[in-house]
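Remarks on the overall topology
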Amino acid sequence: MTALDQRRREETRTAAITRQLSRAPSRLGRADRTPPIAMAILLVAHGLAHFVGVMAAFDAFEANEPLEYLGGTWMVGNDLLIGLLGMLWATLGLAFVFAAVAVVTEFRGWERSLIMLGTLSTALCVLALWAAWIGIIVNAVIVTVALVSSNERMPGPPRVAV
């Protein structure tokens, strides 16, 4: 066997191993990844916490009082806008509960969904400062975990045989 044939055989073996690793099933839940149940519990709790915003909006609607947003610099008194903000809190809350199901079932693309949800939720929490400051911290944790998980699943750069 010539040196060139031996080198080609080693490159073929390396390429086969790389293909196997890129097709490997998700390692979610093993020691090197966030356990899906713990993440799902965090997501459900965070989704339920969004309903505090729903209750605040509907309480303000019933009492005909304005809502304080942006740390009290924006007073929302329009009934339609208060209702829309309440529905936005509810929609994001339900989306976090559905995302928990996606994490547990390892639904394809759950990381991208969490990044999007965490970003939208952070924007809403910034609007509701200071009442929702803890949500910004929880969203940062959720987005960080989703980013780390998505980076671990991405295959490396393609290797070119020389």
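Up top is the structure.
Overview of the structure. Please read these numbers as outputs of a predicted model, since none were measured by experiment. (Residues numbered from 1 in each chain as written. Predicted model: local features only at pLDDT ≥ 70, side-chain atom pairs only at ≥ 80, totals over all residues. Heavy atoms only, no water.)

Some details on helix α4 (residues 110-127)
- Helix length check: α4, at 18 residues, gives a terminal C-alpha distance of 26 Å against a target of 26 Å (1.5 Å per residue), a fit within 8%.
- Every buried residue of α4 is listed here: W110, E111, L114, L117, G118, S121, L124 and C125. Summarising the axial view, the buried residues of α4 lie within an arc of 145°, below the 170-degree limit, and thus occupy one face. (Helix = DSSP H or I, 4+ residues; strand = E, 2+ residues; numbered from the N terminus. Expected span 1.5 Å × (residues − 1). Buried < 20%, exposed > 50% of the residue type's maximum accessible area, 1.4 Å probe, protein only. Arc of directions from axis to C-beta.)

Quick word on the layout of surface pockets
- Of the voids in this model, the second largest pocket is the one considered here, and its volume is about 380 Å³.
- Contributing to the lining of the second largest pocket are 20 residues, with V52, G53, W89, A131 and A132 lying nearest its centre.
- Counting residues per element, the lining of the second largest pocket draws most heavily on helix α2 (residues 36-63), at 6 residues.
- Among the residues making up the lining of the second largest pocket, the classes are represented as 14 nonpolar, 5 polar and 1 charged. (1 Å grid on protein atoms, 1.4 Å probe; cavity = no way out; pocket = protein on both sides within 12 Å on 5 of 7 lines; lining within 4 Å. Points joined across faces, edges and corners; volume = space filled by probe spheres on them. Nonpolar A, V, L, I, M, F, W, Y, C, P; charged D, E, K, R; others polar.)

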